[in-house]
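If you want the building blocks of each chain, they are given just below.
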Amino acid sequence: MTDAHTTGPFIAAIDQGTTSSRCIIFDKDGRIVSVDQKEHEQIFPKPGWVEHNATEIWENVQEVVAGSVVKAGITAADVKAIGITNQRETTLLWDKNTGEPVHNAIVWQDTRTDALCKELGRNVGQDRFRRETGLPLASYFAGPKVRWLLDNVEGLRERAERGDILFGTMDSWVIWNLTGGTEGGVHVTDVTNASRTLLMNLHTMAWDDKILASMDIPAAVLPEIRSSAEVYGTAKDGVLAGVPVASALGDQQAALFGQTCFSEGEAKSTYGTGTFMLMNTGETPVNSYNGLLTTVGYRIGDQKPVYALEGSIAVTGSLVQWMRDQMGLINSAAEIETLASSVEDNGGAYFVPAFSGLFAPYWRSDARGVIAGLTRYVTKAHIARAVLEATAWQTREITDAMTKDSGVELTALKVDGGMTSNNLLMQTLADFLDAPVVRPMVAETTCLGAAYAAGLAVGFWPDTDALRANWRRAAEWTPRMDADSRDREYKSWLKAVERTMGWIEDEE
Ligand SMILES: Nc1ncnc2c1ncn2[C@@H]1O[C@H](COP(=O)(O)OP(=O)(O)O)[C@@H](O)[C@H]1O
Ligand SMILES: O=P(O)(O)OC[C@H](O)CO
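Residues numbered from 1 in each chain as written. Chains lettered and ligands numbered in written order. Predicted model: local features only at pLDDT ≥ 70, side-chain atom pairs only at ≥ 80, totals over all residues. Heavy atoms only, no water.

(A) Main features of the site of ligand 1. If you check the shell around ligand 1, you find 16 residues, and the closest are T19, T273, G317, G418 and N422. Here an oxygen atom of ligand 1 sits 3.4 Å away from a polar atom, N or O, in the side chain of R22. N422 has a polar side-chain atom sitting 3.0 Å from a nitrogen atom of ligand 1. Protein burial of ligand 1: of its 580 Å² of free accessible surface, 82% is covered by the chains. For the shell around ligand 1, the residue count by class is five nonpolar, ten polar and one charged. (Near = heavy atom within 4 Å. Polar contact = N/O pair within 3.5 Å; in protein donor to acceptor, adjacent residues only side chain to side chain. Areas by Shrake-Rupley, 256 points an atom, 1.4 Å probe, with all protein chains shown as cover. Nonpolar A, V, L, I, M, F, W, Y, C, P; charged D, E, K, R; others polar.)

Here's what the structure looks like:
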């Protein structure tokens, strides 16, 4: 039921994430009224391959939307808009006549397109992609995954060229289904999601014909690129039938929006399956010379797009999951804090979780995970500590690169995401960054950002200033580590990172 102090109307935000889908109902003060969430299967067909069943995902989305509406005790009439946010880059092709996916979705962590990316680099050139799209040529992004599907699913290329096949990241898939699917569903994506495909020109905000040709991807499969905050259509069926679908943002951009980082130089870091730090760089794209991505932060209606620099880390929370599920060293994610707190330090061990290669600032697909510095002294508690430190050191490498690229010194870091409930990790982060780390009252900033964008689109909130007023600090960690220890430990971490590189040979 709704909180006694909460009266409608409301905004519903759907977050289609890597491990789960959730729906959160928010009130006008940006407070959570209800939440419903459901996990989906992670499919690992081969080493380095990660897939999702998109039909399962759409069923889960419908379930959590219904669940959150029931828990809130409201009806569609109380909901002014639906906002969408999603795991980015995860790639799906489906048949527009049947609504059936032609293959499982290929997840952002999947490395099967490594060889293809190397080939494209040789034939087309790395620089061209960086210049036009803001991204390095890497298996992380959607474009090469589309090409892989067209090359590997029998008969697909002909169907795609005939115009029967639609491509989308999870935002497009959810919006198409929500707005009617085969019965007139709208095929759109927003600028933030499109900026993760390697196919959108960052300067024109349109699909880049030359890049499409070099990747051999037919334009017929592509969704229309729209802003992040506007009405794309209305929900056709289900408990929210008739409600406008009014925003879409990749989840990390949504978190930037939810953390109200609306001014140049403001940054946030989200600690979930992976970790993604974004800094608002204003209305002009900033090129990175230090391994970051240039991406679209958001675009509200027909206003100018706002750009961001991003540091992406592939493996953080998923390393904790791996410790739990594959290693059996902990029973729950939260237990890693108890285990790691039972020792004073890492016992000399450093864990570099390059499971999907290394993302920012290295972009090395030939790297694989390493635990360095092992001696018989090291216990599972030291490894637990090294696991948490890995997240903090990887963040430090990103903040160093951000400072070099933007010239902005980090004065404090706004954080959110599932891992921020770990106090030891947050303290370690403040220590390694030598800067305060602050967490807002509403830790669900991803959904909040999608709700804010949808609310702006339908006039539920007047402007971004009204949203800023909702941001409140809940917790803060300040640095306690001496500079000598920090520098010494950082050096050891960087040595361990070097050991991960070159593990995968070209022919593998
Ligand atoms: N107390 C904790 N300590 C460390 N990691 C945690 C803790 N609680 C959750 N996690 C990790 O956080 C991730 C879940 O966070 P969430 O923000 O829900 O992720 P996502 O949106 O990527 O699915 C999981 O990978 C989990 O292992
Ligand atoms: O679903 P998350 O929170 O793990 O986020 C995934 C990112 O969008 C990948 O780029």
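Having seen the structure, we can now continue with the description.
(B) View of the site of ligand 2. G17, T18, Q87, R88, E89, W108, Y140, D251, Q252, T273 and F276 make up every residue found near ligand 2. Between an oxygen atom of ligand 2 and a side-chain N or O atom of D251, the distance comes to 2.6 Å. Protein contacts shield 91% of the accessible area of ligand 2, which totals 310 Å² for the unbound molecule.

(C) The arrangement of the pattern of salt bridges in detail. Overall, the coordinates contain 30 salt bridges when judged by the stated rule. Two residues, R196 and E89, come together in a salt bridge whose shortest N-O distance is 2.8 Å. Of this pair, R196 sits in the loop between α7 (191-194) and β10 (200-201) while E89 sits in the loop between β5 (79-86) and β6 (92-95), placing them 107 residues apart in sequence. The exposure class assigned to R196 is buried, which follows from its relative accessible area of 0%. You can call E89 buried: its relative accessible area is 1%. Across the salt bridge formed by E310 and R196, the nearest N and O atoms sit 2.9 Å from each other. Residue E310 is found in strand β18 (residues 306-313), and its partner R196 is found in the loop between α7 and β10; the two are separated by 114 residues along the sequence. We classify E310 as buried; its relative accessible area is 0%. In the salt-bridge network here, residues are joined through shared partners; they are R88, E89, R196, D251 and E310. (Salt bridge = Lys/Arg side-chain N within 4 Å of Asp/Glu carboxyl O. Helix = DSSP H or I, 4+ residues; strand = E, 2+ residues; numbered from the N terminus. Buried < 20%, exposed > 50% of the residue type's maximum accessible area, 1.4 Å probe, protein only.)

(D) Expanded view of empty space enclosed by the protein. Taken as a whole and judged by the stated rule, the model has two cavities of 30 Å³ or more. Looking at the largest cavity, its volume works out to about 100 Å³. Along its surface, the largest cavity is lined by 16 residues, and I313, L358, F359, A360 and Q394 are the ones closest to its centre. Looking at the lining of the largest cavity, the elements that each hand over two or more residues are β18, α12 (380-406) and α16 (483-500). Per-class residue counts for the lining of the largest cavity are twelve nonpolar, three polar and one charged. Here the second largest cavity defines a volume of roughly 60 Å³. Residue lining of the second largest cavity: G258, P440, M441, V442, T445, L448, Y452, N470, W471 and R472, and that is the complete set. Of all the elements, helix α14 (residues 445-457) adds the most residues to the lining of the second largest cavity, at three residues. (1 Å grid on protein atoms, 1.4 Å probe; cavity = no way out; pocket = protein on both sides within 12 Å on 5 of 7 lines; lining within 4 Å. Points joined across faces, edges and corners; volume = space filled by probe spheres on them.)

(E) Expanded view of the sheet that holds strand β16 (residues 275-282). Overall, mixed pairing links the seven strands, which are arranged β17-β18-β16-β15-β21-β22-β23 in an open sheet. Across the chains shown, the open sheet's two edge strands, defined by having one partner strand only, are β17 (293-298) and β23 (473-477). Strand-to-strand twist in this sheet, taken as the mean axis angle between neighbours without regard to direction, amounts to 30°. Pairing of strand β15 (residues 267-271) with β16 involves five bridges; the strand directions are antiparallel. (Pairing = 2+ DSSP bridges. Axes fitted to C-alpha atoms, helices over the stretch in contact; angles between N-to-C directions.)

(F) Geometry of the packing of helix α10 (residues 317-325) against α12. Axis separation between α10 and α12 bottoms out at 9 Å; the angle between their running directions is 155°. As the angle between them shows, α10 and α12 are arranged roughly antiparallel. For the pair α10 and α12, the crossing hand works out as right-handed. In this structure, α10 contributes L319, V320 and M323 to the contact, and α12 contributes I383, A384 and V387. Class assignment of the residues belonging to the contact of α10 with α12 gives a composition of six nonpolar, no polar and no charged. (Parallel < 35°, antiparallel > 145°, perpendicular 65-115°, else oblique. Left-handed = near helix turned anticlockwise from the far one by under 90°. Contact = heavy atoms within 4.5 Å.)

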